[in-house]
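Geometric and topological summary
Chain residues, written in single-letter form:
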Amino acid sequence: AATSAKGASMTYDYLFLDLPPSEAPARDLATRLAAEGPALKAAGGSVVGQFTPQLGWTSRQAAVLISWTGESAGREAAVARLTAAPGARSARRDRLTATARPAAGDRPPAGGIFVHRWFVIGRTDLDAFVALSVEGWRDFETRFDTRIFGLFTAAPTPEDMANGTARLLLITRYGSHGVWEASRNPSTEAWAAFTRRQQLTRDTWGASTLLVPPAA
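Residues numbered from 1 in each chain as written. Predicted model: local features only at pLDDT ≥ 70, side-chain atom pairs only at ≥ 80, totals over all residues. Heavy atoms only, no water.

Cis geometry marks the peptide bond from R101 to P102, where omega comes out at 0°. Among the structural elements, P102 can be located in the loop between β4 (90-98) and β5 (113-122). (Helix = DSSP H or I, 4+ residues; strand = E, 2+ residues; numbered from the N terminus.)

On to the nonpolar core. Counting 19 residues, the largest nonpolar core has I121, F140, L151 and L168 as the members making the most contacts within it. Taken together, the elements giving at least two residues each to this core come down to β5, α3 (126-143), β6 (146-154), β7 (165-174) and α6 (189-198). Element by element, the count of residues in this core is highest for α3, at 5 residues. Once residues lying within four places of it in the same chain are set aside, the contact partners of F140 are T146, I148, T172, Y174, S183, R184, A190 and F194. Residues L65, A154, I171 and A207 belong to the second largest nonpolar core, which totals 18 residues. (Core = buried A, V, L, I, M, F, W, Y, C linked by side-chain atoms within 4.5 Å. Buried < 20%, exposed > 50% of the residue type's maximum accessible area, 1.4 Å probe, protein only. Contact = heavy atoms within 4.5 Å.)

With that out of the way, let us pick up the packing of aromatic side chains. Counted according to the given criterion, the structure contains 9 aromatic pairs. Measuring from ring centre to ring centre gives 5.8 Å for F140 and F144, while their planes differ by 55°; the resulting arrangement is tilted. Note on F140: relative accessible area 3%, which makes it buried. Seen in terms of ring centroids, F140 and Y174 are 6.1 Å apart; in terms of plane orientation they differ by 85°. Their pairing is edge-to-face. Here Y174 lies in strand β7 and F140 lies in helix α3, a separation of 34 residues in the sequence. (Phe/Tyr/Trp six-rings, centres within 6.5 Å; stacked < 30°, edge-to-face > 60°.)

Let us now look at the pairing of strand β2 (residues 45-55). Consecutive side chains of a regular strand alternate in pointing toward one face of the sheet and then the other. Where β2 lies against strand β3 (residues 61-69), 6 bridges are found, and the strand directions are antiparallel. Bridge pairing links F51 to A63 in β3. Here β2 folds back onto β3, and the loop between the two strands holds 5 residues, one of which, G56, carries a positive phi near 105°. In the sheet, β2 pairs with strand β8 (residues 201-212) via 5 bridges, with the strands oriented antiparallel. Its bridge partner being in β8, P53 is matched across the sheet by T209. (Pairing = 2+ DSSP bridges.)

Next up, the structure:
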C-alpha cells in the first residue's frame, strides 16, 4: 500500500468551495473555520490549511484541508456545516488518504506559494506513481526552494471505478512563482523521475494558492 506508516491513522477531507459574495471571502472563511474549531476538535478533526487563489481559481474559490483521527459521528455534521454556507454556489468534497507525505500532525509552512495539482492515472499504476514521486523529490527539494507537503489519493468516484482510474492531489510549497518557473529545468535528476511519472498520467491540472493564516 502507498500510505505511509506515520500517516496511516489519519484521513483527510479536501473541501473546494465557491464562496458567497463578500468583500473579503478568505477572511470570512477563516472566521467560520475558527468558530468551528471546537466542534471539529471534539469530532477528531483539525484544519490543516486554508488556501486562497492566486492563479487558476476564481477570486471567490477556496480550499480547506481537514485532518481526522479515524471516523467519528461528528465528522459528517462538521463537513456539512462547512459546505453549506448561505449563498455558496457549490462545494466539492474529496476524502483523501496520505501516501508518502504528509505524516500525521504535519502542517504546511508559512510563506511562499502552494500549488495544488491533481493527477488522473490508471489505478494499477498508483504504487509506481508514488515511488517515482518520492524518487524525484530528493533532488527537487535539494535543488530548489520547495517542499512537498503532501501527495494524497482521493476516494474513487463512480466514474473512477468505471474507468479504472485513481486521482491524486499533490500540494507543493514553492518560495515564489519564480522558483516554480526555475524548477521546470529539464536537466535535473528530479525531472527524469517526473518525466517517467508523466508517462503514467492521463490528465492533470493545477492552481497556485496562498496559505491563509488562522483567524485570531
